[in-house]
Amino acid sequence: MTKTELTAGPEATERAGAELARTLAPGDVVLVSGDLGAGKTTFVRGALRSLGVEGPITSPTFVVGHMHEGASGPLSHLDLYRLAGMSGEDPGLLDPFFADDAIVFVEWPEQATDAFPAERVKHRVRLSHTGGDGRRIEVDP
Ligand code: ADP
Ligand code: MG
């Protein structure tokens, strides 16, 4: 069942990410979809904070991903936007991010659907603009 929440600013979207993070266990993957500026990175920032990341959490737009050490193990934050159509890419490129005990957040998952282990996907999150600073956050299942 899809859970829908409306937020009126980035702080509320971070709180939604933090709330989702409480349901996660090592090995889980969370796909985070939405247009540019919809709040994907903001949502993941809230999740990573609540999982114990203390340093800066920036968008991995210009690298494929960042790895953090959380309170209970490795945390990966990927942005697959630039992987679209890179079929010649080294297939092992993303392996370190998907270590067995890592919790993984994936922005732009639809750009490279074979880049993550489907059987590990715990939640699919979709963010969308509702006007101004408003955002709709839908979480499956
Ligand atoms: P994405 O990763 O989807 O491209 P970001 O999280 O990087 O999006 O950026 C979202 C931008 O929108 C930020 O500048 C943030 O401050 C702003 N913003 C305004 N309102 C909201 C909201 N309700 N939720 C999330 N971000 C918001
Ligand atoms: Mg982003």
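Provided above is the structure to which this section pertains.
Computed from a predicted model, the values in this text were never measured in an experiment.

### A word on the sheet that holds strand β6 (residues 121-131)
Two strands in a sheet stick together by hydrogen bonds in their backbones, pointing the same way (parallel) or opposite ways (antiparallel).
No. 1: With mixed pairing, 7 strands are arranged side by side in an open sheet as β1-β7-β6-β2-β5-β4-β3. Looking along the sheet, the strands with just one partner apiece sit at the ends: β1 (3-7) and β3 (65-70). Mean inter-strand twist for the sheet, computed between neighbouring axes without regard to direction, equals 20°.
No. 2: Sheet analysis places β3 next to strand β4 (residues 73-79), joined by 6 bridges and oriented antiparallel. Residue pairing across strands places methionine 67 opposite serine 76, the latter belonging to β4.
No. 3: Each of β2 (29-33), β3, β4, β5 (103-107), β6 and β7 (134-140) touches helix α2 (residues 40-50); the most contacted strand, β5, lies at about 170° to it.

### Regarding the packing of helix α1 (residues 10-21) against α2
In helix packing, the relevant descriptors are the interaxial angle and the interaxial distance, both defined with respect to the helix axes.
No. 1: It is the contact of α1 with α2, at a shortest axis distance of 7 Å, that shows an interaxial angle of 50°. Put simply, α1 runs oblique to α2. For the element pair α1 and α2, the recorded crossing hand is right-handed. The residues of α2 that touch α1, namely those facing Pro10, Thr13, Glu14, Ala16, Gly17, Ala18, Leu20 and Ala21, are Thr42, Phe43, Arg45, Gly46, Ala47 and Ser50.

### Notes on the pairing of β7
No. 1: Most of β7 sits out of view: 5 of its 7 residues are buried.
No. 2: As judged from the 5 bridges shared by β1 and β7, these two strands associate in the antiparallel manner. Counted as the bridge partner of glutamate 5 is isoleucine 137 from β7.
No. 3: Here β6 runs beside β7; their pairing, made up of 7 bridges, is antiparallel. Note on β7: the bridge partner recorded for glycine 131 is glycine 134.
No. 4: Here β6 folds back onto β7, and the loop between the two strands holds 2 residues, one of which, glycine 132, carries a positive phi near 60°.

### Section: the site of ligand 1
No. 1: The local shell around ligand 1 holds 16 residues, among which Thr13, Lys40, Thr41, Thr42 and Asp133 are the closest.
No. 2: Within the side chain of lysine 40, an N or O atom sits 2.8 Å from an oxygen atom of ligand 1.
No. 3: Taking threonine 41, its main chain carries an N or O atom lying 2.8 Å from an oxygen atom of ligand 1.
No. 4: When the free accessible area of ligand 1 is taken as 570 Å², the share hidden by the protein chains comes to 75%.
No. 5: Within the residue set of the shell around ligand 1, elements represented by two or more residues are α1 and α2.

### What to know about the coordination of the magnesium ion (ligand 2)
No. 1: Binding of the magnesium ion (ligand 2) to the protein goes through Thr41 (OG1) and Glu107 (OE), at separations of 2.2 Å. Of this pair, threonine 41 sits in helix α2 while glutamate 107 sits in strand β5; the two residues are 66 residues apart in sequence, bridging distant segments of the chain. Each member of the pair threonine 41 and glutamate 107 is classed as buried.

### Some remarks on the pattern of salt bridges
No. 1: Applying the stated criterion across every chain yields a total of 4 salt bridges.
No. 2: A single network of salt bridges, built from pairs that share partners, joins Arg126, Glu138 and Asp140.

### Section: α2
No. 1: Of all the 11 residues making up α2, 8 are buried; the element is thus mostly covered by neighbouring parts of the structure.
No. 2: Along α2, the residues that are buried comprise Lys40, Thr41, Thr42, Phe43, Val44, Gly46, Ala47 and Leu48.
No. 3: Residue glycine 52 follows α2 closely and has a positive phi angle near 105°.

The rules behind each value
- For every chain, the first residue of the written sequence is number 1, and numbering continues from 1 along that sequence.
- Each chain takes a letter, starting from A, and each ligand takes a number, starting from 1, following the order in which they are written.
- Residue-level local features of this predicted model are given only where pLDDT is at least 70; pairs of side-chain atoms are given and counted only at 80 or more, and the full residue set underlies all totals for whole chains, interfaces and linings.
- Side-chain numbers here rest on the full set of heavy atoms in the structure, without hydrogens or water.
- Any two strands are treated as partners once DSSP identifies two or more bridges connecting them.
- Numbered from the N terminus, helices here are DSSP runs of H or I no shorter than four residues, and strands are runs of E no shorter than two.
- Axis lines are fitted to C-alpha atoms, over the contacting stretch for helices. Their N-to-C directions set the angle, which ranges from 0 to 180 degrees.
- Note on definitions: a residue-residue contact is assigned when non-hydrogen atoms from the two residues lie within 4.5 Å.
- Orientation categories follow fixed angle ranges, with anything under 35 degrees roughly parallel, anything over 145 roughly antiparallel, 65 to 115 roughly perpendicular, and all other angles oblique.
- Left-handed describes a crossing in which the near helix is turned anticlockwise from the far one by less than a right angle; the clockwise case is right-handed.
- A simple rule labels every residue: compare its accessible area, found with a 1.4 Å probe on the protein chains alone, to the largest value its type can have, and call it buried under 20%, exposed over 50%, or partly exposed in between.
- Whether a residue is near a molecule or strand is decided by its heavy atoms; if any one of them lies within 4 Å of it, the residue is near.
- Pairs of N or O atoms are called polar contacts if they sit within 3.5 Å, as long as, within protein, a hydrogen donor faces a hydrogen acceptor (for residues adjacent in sequence, only side-chain-to-side-chain pairs).
- The Shrake-Rupley method, run with a 1.4 Å probe, gives the accessible areas here. Residue values count only the displayed protein chains as cover.
- Only N, O and S atoms count as donors, using a 2.8 Å limit from the metal and a wider 3.2 Å limit for Na, K and Ca, and since water is excluded some coordination spheres may look unfilled.
- Note on definitions: salt bridges are taken to be side-chain nitrogens of Lys or Arg within 4 Å of carboxyl oxygens of Asp or Glu.

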